[in-house]
Amino acid sequence: MTLLPDATGHFGDFGGKFVPEALNAALAELASEFSRASEDPTFIAELRRLQRDYSGRPTPITVADNFSTLCGNARILLKREDLNHTGAHKINNVLGQALLTKRMGKTRVIAETGAGQHGVATATAAALMGLECRVYMGEVDTKRQALNVARMQLLGAEVYAVAAGSRTLKDAMNEAMREWVSSVETTHYLIGTVAGPHPFPWMVRELQRIISTEARAQMIEDHGGLPDHVAACVGGGSNALGMFADFIPDEGVKLWGYEAAGDGIETGRHAATISAGTMGVLHGARTYVLQNEDGQTIESHSISAGLDYPGVGPEHAWLAKSGRATYEGVTDAEAMQAFGELTRTEGIMPAIETAHALAGVKRLGLRLAEEQPDARPTILVCLSGRGDKDVSTAFEWFGMSGEPDMVVGGME
Amino acid sequence: MSSVATNRFTDESRLGISGKVLAACAAQNRAALIAYLPVGYPSVDQSLEAFRALTDGVGVDLVEIGIPYSDPVLDGIVIQHATTKALSRGVRTRDAFRAARAVAERGCTPLVMTYWNLIEQYGPDEFARDLKEAGGAGVITPDLTPDEAGVWRAATDKYELDRIFLVAPSSTDDRIASTMAACRGWVYATSVMGVTGTRTTTSSAAPVIASRARAADHQLPVGIGLGVSNGDQAAEVAKYADAVIVGSALLRCLDSDGADMPGDLDRLRALVDELADGVRRGRA
């Protein structure tokens, strides 16, 4: 099996480095510094220590027996990335890049964020390591996620609202890239997903790989061997690649990525980049993009801010094209149903992003039960984040009143 | 004082079309003036008027036609605002060819400046073909470096178009040399670490990047961009650059957003006159 990406950051036709020349030197430095760090026992030991003592790794696998009853004959297992510090897999990447920032002698990080999860994780690592931090967030998102703006500010980060373009995640990424062109000498751009120019898709995958390294060993040791299927939600795609990475060579393990189909792919209001996009260049890499005939990016739509992105990591594009992984869309409605079901059956409230993967594996389990009624397939799904941040969205979606069920003990 | 020898640009195959214009300016012992405006702002037709106005009077030596893009990572706020409006008003990639034709009809040399995805979606071969047919001289690609330019080199060779890549203060000497070797026409040196936009002072990094580029490859003209907004700055940059590139300052002349085009065009012509005078007195 060829090792991907190649030396210039290509995954087959995808990936590469489409950036202003001013950033080329910094990207080259980052690639070689990350290569060196990956082989430096001191760096590795420090990262391991943080993962264990700060983030709380290893995260467990929970067997979801109750939720499994909704999924045909399948046995569903959850890799619990929601139990990380800050509540999602994002911290895995952030701790690694923040350590790397210090190693490169830089004192400041910038980041883009959609819902605010990556921004909060970055602000957290910056607080821990004494780095200055500025987070770019689309103006629309700062209003939708005011609580996360406050969280970042409490952690000591500056939050810049981006009022350009569509005022969402993609514009926050543009603005961070623009700032980085000017500040690259002192500043590291801490990209939150497996997108962007080389070396980001590779580096972020390697920092997220720990998800599948742990999960693969846990499956073999505690759950009877390799799973038949591995699944995750895909926006930019970092939790999915972390979940897939160590299983990619296991040819018997099927890989499933679930994209946000919003109101339905046929409505045009979705973020299903692989299912409905076309090949193009966005944010420094060739990948699948939601774009019009001219190549202008089309705004994406999803109830989940973390999946609301019109591009996707180039390695996912490659995995889709090569057939190693299969990608399907999950609508807002399907995801919210699964959100409710996991919460009620397992007492685990997933992030709405993660709920897309849960709806996907439910569909998969039911389909497998029809195709092979006698089989008892095992499906391992990445529970990428917890849903506390999504309570207000759920409140609106389910039309809740906020009223208590009963008032007792009052006086007439 | 002139630090620029006038007879170094002799290799016609490297100068292509636009490099010969710069070489002719060098033969007059002056820097060339290159003007950028985006097509489609305030509207496509009004932008064609603006492109024509750049060639009035003494005029500019080369015109850079920018194609608006939804995700312009190297553009500052002035250009972003204009291109966002142009897109919402329906500008298309193919409108750049109308603009090229309008400039070429005025006897001036048009180039296109565009982010790579727009060429990739149009089809690199088709884009080069249609630009050539419209009288275009070549393309500046701010987010395409020679590393990723295999297909583009083939298309620009086939249609004999110039291809202008960027170098930056952060580029290593080797990188500057290899980038310039991949260019035809001239090389675009970004003089500051930053995005487009006017600045009150020209960067101290500008003469450094110009001389580094010249040391790396003295046969290819060097254009300096990012930050020039008036005649004095143009004169200053003209001392050491083969071409002075002005964009945001020209675009700001159009800030009535189409409400007063005659007034805007008068201001545009006046600024072009001032800049054209600047590049001519720079080495006096």
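Scroll up to find the structure.
In this report, we go over the structure that sits alongside the text. (Residues numbered from 1 in each chain as written. Chains lettered and ligands numbered in written order. Predicted model: local features only at pLDDT ≥ 70, side-chain atom pairs only at ≥ 80, totals over all residues. Heavy atoms only, no water.)

So, on to the overall build of chain A. Summing up its helical and strand segments, chain A has 16 helices and 14 strands in all. In terms of C-alpha radius of gyration, chain A reaches 20 Å, essentially the compact-globule figure of 22 Å for 412 residues. For chain A, buried positions account for 63% of its 412 residues. Taking the intrachain contacts of chain A between residues at least 6 apart in sequence as the baseline, contacts between residues at least 24 apart amount to 73%. Approximately 15500 Å² of chain A is accessible, and the part contributed by carbon and sulfur atoms is 52%. Of the charged side chains in chain A, 36 are positive and 52 negative, and the gap between their average positions amounts to 4 Å. (Helix = DSSP H or I, 4+ residues; strand = E, 2+ residues; numbered from the N terminus. Rg over C-alpha atoms; globule rule 2.2 N^0.38 Å. Buried < 20%, exposed > 50% of the residue type's maximum accessible area, 1.4 Å probe, protein only. Contact = heavy atoms within 4.5 Å. Areas by Shrake-Rupley, 256 points an atom, 1.4 Å probe, with all protein chains shown as cover. Lys, Arg positive; Asp, Glu negative; His and termini not counted. Charge placed at Lys NZ, Arg CZ, Asp CG, Glu CD.)

The secondary structure content of chain B amounts to 13 helices and 9 strands. For a compact globule of 284 residues, the expected C-alpha radius of gyration is about 19 Å, and chain B comes in at 17 Å, within 12% of that figure. Judged by the C-alpha coordinates and their principal axes, chain B covers about 45 × 40 × 35 Å. Within chain B, buried positions represent 64% of all 284 residues. Residue pairs in contact within chain B that sit at least 24 positions apart in sequence constitute 74% of those at least 6 positions apart. Split by element, the accessible area of chain B, about 9500 Å² in all, is 49% carbon and sulfur.

Turning next to the sheet that holds strand S10 (residues 254-262) of chain A. As a general point, the strands of a sheet are linked pairwise by backbone hydrogen bonds and lie either parallel or antiparallel. Residue and element names in this part refer to chain A. A sheet is described by the order of its strands in space; here 6 strands give the open sequence S3-S4-S14-S9-S10-S13, paired in mixed fashion. The two strands at the open ends of the sheet, each matched to only one other strand, are strand S3 (61-63) and strand S13 (325-331). Neighbouring strand axes in the sheet, compared pairwise and without regard to direction, differ in orientation by 30 degrees on average. In this structure, strand S9 (residues 229-234) lies alongside S10, joined through 6 bridges in parallel fashion. Note that in S10 the partner of Ala231 across the bridge is Trp256. (Pairing = 2+ DSSP bridges. Axes fitted to C-alpha atoms, helices over the stretch in contact; angles between N-to-C directions.)

The next point concerns the nonpolar core. Taken as a class, soluble globular proteins show a tendency for nonpolar side chains to be buried jointly. Ranked by size, the top nonpolar core spans 159 residues in total, and within it Leu54, Trp152, Trp186, Leu250 and Leu268 of chain B carry the most contacts. The residues that make up this core include at least three from each of domain 1 (10-52 + 89-204) and domain 2 (58-87 + 209-397) of chain A. Ignoring sequence-local partners within four residues, the contact set of Trp152 of chain B consists of Trp116, Ile119, Pro124, Phe127, Ala128, Val139, Thr141, Leu144, Arg163 and Phe165 of chain B. With 32 residues, the next largest nonpolar core counts Phe67, Cys233, Ala260 and Ala335 of chain A among its residues. (Core = buried A, V, L, I, M, F, W, Y, C linked by side-chain atoms within 4.5 Å. Domains from an automatic or database assignment.)

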